[in-house]
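# Survey of secondary and tertiary structure
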Amino acid sequence: MTKLNREGLAQLREQARAGWQQRWHGKQAQIIIGMGTCGIAAGARKAWDAFADELKKNNLTEVRIEQTGCMGLCYSEPTVEVRVPDMPPIIYGKVDAEVARRIVRKHIVGKLLINDHIYDRPALDAFGKQG
Amino acid sequence: MQAETKTELSPGLLEFIRQWKDKPGNLIMVLHRVQQEYRYVPRDVAFQVAALLEVPLAKIYGVITFYHLFKLKQPGRHVIAVCMGTACYLKGGEDLIRELETLIGAGVNTVSPDGEFSVEVVRCLGCCGLAPVLTIDGEVFGNLTKAQLPDVLAKYQGKQLAAATA
Amino acid sequence: MAFKHYVMVCGGEGCESKHALAVHDALLKEVREQGVENEVQVLKTGGFGFCGDCPAVQVLPDQTLYVGVQPGDAAAIVTQHLKQGRPVARLVFDAAKNAKMFPADVPVGHQKQLRIVLRNCGVIDPEKIGDYLARDGYAALEKALFKMKPEDVIEELKKAGLRGRGGGGYPTWQKWLFTKKVASEQKYIICNADEGDPGAYMDRSTLEGDPHSILEAMTIAGYTVGASQGYIYIRAEYPLAISRLNLAIAQARELGLLGKGILGSGFDFDIELRLGAGAFVCGEETALITSIEGNRGMPSPRPPYPAVRGLWEKPTVINNVETWAAIPVILLKGGEWFGKIGTATSKGTKVFALTGKVNNCGLIEVPMGITLREIIYEIGGGMLKGKAFKAVQTGGPSGGVITQDYLDMPIDYEALAQLGSIMGSGGMIVMDEDDCMVDVSKFYLDFTVDESCGKCAPCRIGGRTLYNLVDKISKGKGSLNDIEQIRDIGLAMRKASLCGLGQTAPNPAISTLKYFEAEYLAHINDKKCPAGKCRDLLTFFILPEKCIGCTLCARRCPVNCIAGERRAVHTIDAAKCIKCGECYQVCKFGAVERT
Ligand SMILES: Cc1cc2nc3c(=O)[nH]c(=O)nc-3n(C[C@H](O)[C@H](O)[C@H](O)COP(=O)(O)O)c2cc1C
Ligand code: FES
């Protein structure tokens, strides 16, 4: 890749924004897993594998799994954000393999939320946006 | 004075030392690399590093003994690091250490008689939300109770330990 | 098909007690009776981390938050809100209450948090530079390089009133200005990512969740003060943060956001990692600098300050991770914006690692000036297992405890110092009735003795003596004279130690003594540990009227000091007992007592 100048940065940023928009507000469901040290320690990788496996079983290959850093909800690790088009984005906590599979079947396929595992999203950020 | 046996340094390690040789303040980075390879700093490797970096051996030992992470003795095959940061201490980190002592016969900074485990104390692994926490070979186990320890250890040691505590 | 509404009833620890379940059931019943069960899903949540006025009910997708809901309100919520689309105004949370804590252009929600430092943590993929760019990443660097003179950057930081988040709270703009003013061919920028306070992990999370923000800020500093090389000194205990930083540096170099002629300007800057090796004192800036130089990490007296003579004797700006992470936002949103948050002397937000005996352990970012009560009982969801609050420890081994009486005091640098604690790096450890203050003080002294580098006598000898005194008291062998000695030695260490480690090492002991002297006296005079923590002062015995002779304790006792037949009352042989507390924990009938 060539070194960026200002125009190059502006272009790259536009591309990145478009991609972001697509991922966050587009037509595809997205599963975002908190993969900080504590998330991983609490079992985020197991949840990841379960999500991937269950998506495959349900032929939902277009659903993306993404990673992110710590959401700050350490008491509810592993935490996962689930974004399904036309549904409010939801933060799930204490997501073990079993819960991960339920999220795929019930939330992503069935469009219903899951009892007892919903947590509040991380607070407002400096840009006044939540994602 | 010369060290007894001469360990052949791996090409990777030699290359690392070559890359860092002319950078100021390289010693700690090189020692980390040495430990990555040997899990401690063997005496004759320290001799060779001194020669390669052209620093006095005394300086190398000065640095090794100052920092907790550098070791002069070979650790067990699996290293258990129990967190004794504040959060873990309050939530029972000390109990984990005592339980380990009964389970594997190794207290802090010692190796179990069978050479399988060694136990260390670390100060906060940054997972305080999951306190009490310990790591085995870098893998983190959180929200641990004494009762879970045998199972956790068994993952590393297989049947041997399960039989001993049955 | 997706539902029209999702109604979520808070099911956190705090709410459970206040009939949240009844509200849930009432809503469910109402939804069925009004025939909207195919449009509305009623849920119990795992908790909102919002426990001011429970039970709370949130309606999605419109995000209406109801507080203090009673089962009798269910009908109104369903009829008015869910069917007719008009929220029940009298129950809606009044966000105006929080508005005064935030600048005008921040849409205020029910949360008392505002994420500036943590803006990208838990949002972007830290391993993708594109995600960072999409969220205005490197825009502050571009702005600095092309639209601002170095003086302007410093002016902006001054307006923001940003103070160091590593513990000292020194104004960042002043440090930068000192370094800028010194004429020197070579200057350095350092990020202090040694995070030594046991019980604090905000720096780790920031590095893991948003590594580019640190690189961007350090580059801005390089431009401002005229430095071309930066170092991040990071604990080796944080392997994931190290690998993400390495990746971020490689990405930035590839795009020319680090290296020669950044973004086509004439400015060069690069960053390297240097690893710590498990020495707390290396968080102190002068020790950190000698450690980067490859030596034993011994601190040296200041002045000269690093700003004037630092790494390899060159002028050096050294700041903490959290300080760095705030800087791009300050440049983009303006110093004035940042300065509107917080108290008169402490601006902006602070990240705390809220841990210990609270329900919602976690990383929180709150405006300066928030109270401990809000943090512990609202964001933190109250005390774990409903135990009684005893104290909060802030500032780690350099800090002290804050008690019940001060829960409503707005937190900032000055207020905490006044109470005999410090802001520190942001560890906030909540302690309950089971935590013994003598034991806590011993824990921290053990830590500082272990971590003292041994260079100066007050810290090396004073610390050890303090530990021995507190240890003696915890074993019931102390005398009143020991308390005087702790105070005297503490004072001497404060005055005479070489670096911050020794100067602040007595703080936990002095502070616990100040607020909990009675607890020390109980150990000395009555040979009792009121919290039941100090082993040497405990005795375990079995209450004959409660013991049913299940033999569980006898089987669990590691030293076989419990005797008794099946179905007969057991007894503990106090002479053999090692006070491990196993019997106390396993007894299902509350028959084992300890005093
Ligand atoms: C014993 C001791 C330990 C310290 N540990 C840290 C630390 O872990 N992280 C940190 O950022 N600052 C630490 N500091 C503070 C640093 O010396 C220094 O003030 C800080 O890095 C400056 O950055 P700031 O102005 O952004 O806060 C420590 C200070 C002392 C005396
Ligand atoms: S205190 Fe153990 S992880 Fe922080």
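Look up a bit, the structure's there.
Okay, so let's go over this structure. Source: prediction; values computed, not measured.

## Describing the sheet that holds strand E7 (residues 229–234) of chain C
Residues and elements named next belong to chain C. One open sheet holds the four strands; their spatial order is E8-E7-E6-E9, and the pairing between them is parallel. Where the open sheet ends on each side, the last strands, each with one partner, are strand E8 (270–275) and strand E9 (316–320). Sheet twist, expressed as the average angle between the axes of neighbouring strands with direction ignored, equals 20°. Inspection of the sheet shows strand E6 (residues 188–193) paired to E7 by six bridges, in the parallel sense. When the sheet's bridge partners are listed, Asn 192 is paired in E7 with Tyr 233.

## Re the site of ligand 1
Residues and elements named next belong to chain C. With respect to spatial proximity, 18 residues lie near ligand 1, and among them Gly 166, Lys 175, Asn 319, Asn 320 and Thr 323 are the closest. Glu 195 places a main-chain nitrogen or oxygen 3.3 Å from an oxygen atom of ligand 1. When isolated, ligand 1 has an accessible area of 610 Å², and the protein chains bury 89% of it. When residues of the shell around ligand 1 are traced back to their parent elements, those giving at least two are E9 and helix H20 (500–504). Broken down by class, the residue content of the shell around ligand 1 amounts to three nonpolar, nine polar and six charged.

## A few points about the interface of chain C and chain B
Contacts between chain C and chain B engage 50 residues on the former and 34 residues on the latter. For the chain C and chain B pair, buried surface summed over both sides reaches about 3,400 Å², with 57% attributable to carbon and sulfur atoms. Of all residues in chain C, the largest losses of buried area upon contact with chain B belong to Ala 277, Arg 296 and Phe 443 of chain C, amounting jointly to 18% of the total for that side. If you look at where chain C meets chain B, you find five salt bridges. Among the ionic pairs, Asp 95 of chain B bridges to Arg 535 of chain C, the shortest N-O distance being 3.6 Å. Inspection of the region where chain C meets chain B yields 22 residue pairs in polar contact (both at pLDDT 80 or more). Elements represented by at least two residues in the side of chain C that touches chain B include exactly E8, helix H12 (285–292), strand E10 (349–356), strand E14 (427–432), helix H17 (437–451) and helix H24 (582–586) of chain C.

## Regarding the nonpolar core
Counting residues in each nonpolar core, the largest one holds 206 residues, and the members touching the most others are Tyr 67 and Leu 134 of chain B together with Trp 176, Ile 232, Ile 234 and Trp 324 of chain C. When near neighbours in sequence (up to four residues on either side) are disregarded, Trp 176 of chain C contacts Val 153, Ile 154, Leu 157, Ala 221, Thr 224, Val 225, Val 317, Asn 319, Trp 324 and Ile 327 of chain C. Leu 60 and Ile 118 of chain A together with Ala 2 and Leu 60 of chain C belong to the second-largest nonpolar core, a separate cluster that totals 33 residues.

## Concerning the interface of chain C and chain A
Taken together, the contacts link 73 residues of chain C with 55 residues of chain A. For the chain C and chain A pair, buried surface summed over both sides reaches about 5,300 Å², with 55% attributable to carbon and sulfur atoms. Where chain C meets chain A, there are five salt bridges. Of the charged contacts, one joins Asp 136 of chain C and Arg 17 of chain A as a salt bridge, the two residues approaching to 2.5 Å between their closest N and O atoms. Joining chain C to chain A, the criterion identifies 25 residue pairs in polar contact (both at pLDDT 80 or more). Tallied by class, residues from the side of chain C that touches chain A come to 34 nonpolar, 22 polar and 17 charged. Looking at chain direction, strand E6 (residues 124–125) of chain A and strand E5 (residues 114–115) of chain C are connected through two bridges and run parallel. Considered in E5 of chain C, the bridge of Asp 125 of chain A is made with Arg 115 of chain C.

## Looking at the side chain of Thr 206 of chain C
Residues and elements named next belong to chain C. Residue position: Thr 206 is located in helix H9 (residues 202–209). Residue class for Thr 206 comes out buried when judged on its relative accessible area of 1%. At 2.6 Å, the side chain of Thr 206 forms a polar contact with the backbone oxygen of Met 202. Leave out the neighbours within four places in its chain, and Thr 206 touches Val 117, Leu 118, Cys 121, Pro 211, Val 321 and Ala 325.

## Remarks on the sheet that holds strand E4 (residues 139–141) of chain B
By way of backbone hydrogen bonds, the strands of a sheet pair with one another, either parallel or antiparallel. Residues and elements named next belong to chain B. Pairing is mixed in the open sheet, where four strands are placed in the order E2-E1-E3-E4. Across the chains shown, the open sheet's two edge strands, defined by having one partner strand only, are strand E2 (117–122) and E4. Between one strand and the next, the sheet's axes are offset by a mean angle of 25°, whatever the strand orientation. One ladder, built from six bridges, connects strand E1 (residues 78–83) with E2; its direction is parallel. When the bridges of E2 are listed, Val 82 appears paired with Val 121. Strands in contact with helix H7 (residues 149–157) are E1, E2, strand E3 (134–136) and E4; relative to E4, the strand with the most contacts, it is inclined by about 165°.

## Quick word on the state of the cysteines
Counting across every chain of the model gives zero disulfides over all chains. Left without a disulfide partner, Cys 127 of chain B is nearest to the cysteine sulfur of Cys 38 of chain A, which lies 5.5 Å away.

About the thresholds
- Within any chain, residue numbers begin from 1 and follow the written order of that chain's sequence.
- Note on labels: chains are lettered from A, ligands numbered from 1, in written order.
- A pLDDT threshold of at least 70 governs which residues receive local features in this predicted model, and a stricter bar of 80 or more applies before side-chain atom pairs are shown or counted, although totals over entire chains, interfaces and linings include all residues.
- Side-chain metrics in this entry use all non-hydrogen atoms of the structure; hydrogen atoms and water are not considered.
- Each pair of strands is called paired provided DSSP finds at least two bridges between the two strands.
- Counting from the N terminus, the helices are DSSP H or I runs at least four residues long and the strands are E runs at least two residues long.
- Axes here mean lines fitted to C-alpha atoms, for a helix over just the part in contact, with angles spanning 0 to 180 degrees between N-to-C directions.
- Throughout, near means a residue has at least one heavy atom within 4 Å of the molecule or strand.
- For this analysis, a polar contact is any N or O atom pair within 3.5 Å, provided that within protein one partner can donate a hydrogen and the other can accept it, and provided that sequence-adjacent residues contribute only side-chain to side-chain pairs.
- Working definition of accessibility: Shrake-Rupley area with a 1.4 Å probe, residue cover restricted to the visible protein chains.
- The classification used treats Ala, Val, Leu, Ile, Met, Phe, Trp, Tyr, Cys and Pro as nonpolar, Asp, Glu, Lys and Arg as charged, and all other residues, Gly among them, as polar.
- Any pair of residues with heavy atoms lying within 4.5 Å of one another is described as a contacting pair.
- Values labelled buried area give the accessible surface lost by two parts on being combined, using a 1.4 Å probe and summing over both.
- A pair is scored as a salt bridge if a Lys or Arg side-chain nitrogen falls within 4 Å of a carboxyl oxygen belonging to Asp or Glu.
- Among buried residues, those of type Ala, Val, Leu, Ile, Met, Phe, Trp, Tyr and Cys that are joined through side-chain atoms within 4.5 Å constitute a nonpolar core.
- Only protein chains enter the accessibility calculation, which uses a 1.4 Å probe; a residue whose area is less than 20% of its type maximum is buried, one above 50% is exposed, and one in between is partly exposed.
- When two cysteine sulfur atoms are found within 2.5 Å, that pair is recorded as a disulfide.

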